[in-house]
Amino acid sequence: MLYRPIQRRSRAAEWGRRFGALALPVLIIAVAGHRFFGLRADHAVGITSVATILGWIAVVLSAAGAKIIWDKGFLGASQAARGLIYGFIALVPAGYAAWGIYSYPRINDVSTDTADPPLYKAAAFARIGAMNPTRPPAPAELERQRILFPDIETRHFDIGSEQLYAAARRVVEKAGWRVTEDLPAREEGDRARIEAVARTLVFGFEDDVVIRIYAEGNGGSKIDIRSSSRWGEHDFGANVRRIRGFLSDLDALVAESFG
């Protein structure tokens, strides 16, 4: 009678796959719940933290299982591989947050005008409860921002406020921001104002944006933009990148339209 040795399976690899398979739907609940079904941002962050913990467990167990499989020849390589894949996917939000914390300072409100930041109106009514306040940061924080981001400053253009407003409005529409207040420059010399809500790409967290346009005495005009997060003390660089992107698109549009 032919003897066949019993091949053992790696229990660590199997449990790693199970934890990974659990982490993914938890993460999907957090993302879809906030973006499409009105789940509060703080609850979405809490659920994402649970998915992160499950992801870490999946990665550790799957890695341990892979080592056992390699050393002892146990079965379960596909289980370990799936556990690692599921776990690393669940860790993507945590990885993004870690990158943002490392790359950007702890800040959640950025403005091109640090002496007199544009004020929110519509957002003041929308931000209630545990949300961040709409008042501008303290003077010391504004000065810190000016030093950290010297490129984030008021922009001056050799076109009238009416033309600059039209260009800014087009950039806002292209970005897909939801406009909550719109005060156009109806004739040259008028002040203009746009307030909007921008959403992050994956989770759909809402940030507030306000744009202020003034006419200048030389026939030109200037524009300021402020972007701030409704939730959290650290924006992971989202507001700085949003303002830089807006100003870059505005520069390109004005150059294309007016030379």
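What you see is a predicted model; the values in this text were computed from it and never measured.

When the terminal C-alpha atoms of helix H3 (residues 77-90) are compared, their 20 Å separation across 14 residues agrees well with the 20 Å that a helix rising 1.5 Å per residue should span. Inspection of H3 places Gln79, Ala80, Gly83, Gly87 and Ala90 among the buried residues, and these make up the whole buried set. Down the axis of H3, the smallest arc covering the buried residues is 95°, so these residues share one side. Contacts from the buried residues of H3 go to helix H1 (11-37), helix H2 (41-72) and helix H4 (92-103).

Right, let's get into the packing of H1 against H2. Where H1 contacts H2, the axes come no closer than 7 Å and their chain directions differ by 160°. Classified by the angle between their axes, H1 and H2 sit roughly antiparallel to one another. Pair H1 / H2 crosses with left-handed handedness. Class assignment of the residues belonging to the contact of H1 with H2 gives a composition of 21 nonpolar, 7 polar and 1 charged.

Turning next to the packing of aromatic side chains. By convention here, two paired aromatic rings are described through the distance between centres and the angle between planes. Scanning the model with the defined rule gives 6 aromatic pairs in all. Consider the rings of Trp15 and Phe19, whose centres lie 6.3 Å apart with planes at 45°: the pair is tilted. Pair noted here: Trp15 and Phe19 are both in helix H1, with a separation of 4 residues, about one helical turn. In this structure Trp15 comes out as partly exposed when scored by relative accessible area, which is 37%. Where Trp177 meets Phe246, the ring centres are 5.9 Å apart and the plane angle is 20°; that geometry is what we call stacked. Here the residue Trp177 occupies a position in the loop between helix H7 (161-175) and strand E3 (178-183), and Phe246 occupies one in helix H8 (residues 238-258), the gap between them amounting to 69 residues.

Calculation rules
- Residues numbered from 1 in each chain as written.
- Predicted model: local features only at pLDDT ≥ 70, side-chain atom pairs only at ≥ 80, totals over all residues.
- Heavy atoms only, no water.
- Helix = DSSP H or I, 4+ residues; strand = E, 2+ residues; numbered from the N terminus.
- Expected span 1.5 Å × (residues − 1).
- Buried < 20%, exposed > 50% of the residue type's maximum accessible area, 1.4 Å probe, protein only.
- Arc of directions from axis to C-beta.
- Contact = heavy atoms within 4.5 Å.
- Axes fitted to C-alpha atoms, helices over the stretch in contact; angles between N-to-C directions.
- Parallel < 35°, antiparallel > 145°, perpendicular 65-115°, else oblique.
- Left-handed = near helix turned anticlockwise from the far one by under 90°.
- Nonpolar A, V, L, I, M, F, W, Y, C, P; charged D, E, K, R; others polar.
- Phe/Tyr/Trp six-rings, centres within 6.5 Å; stacked < 30°, edge-to-face > 60°.

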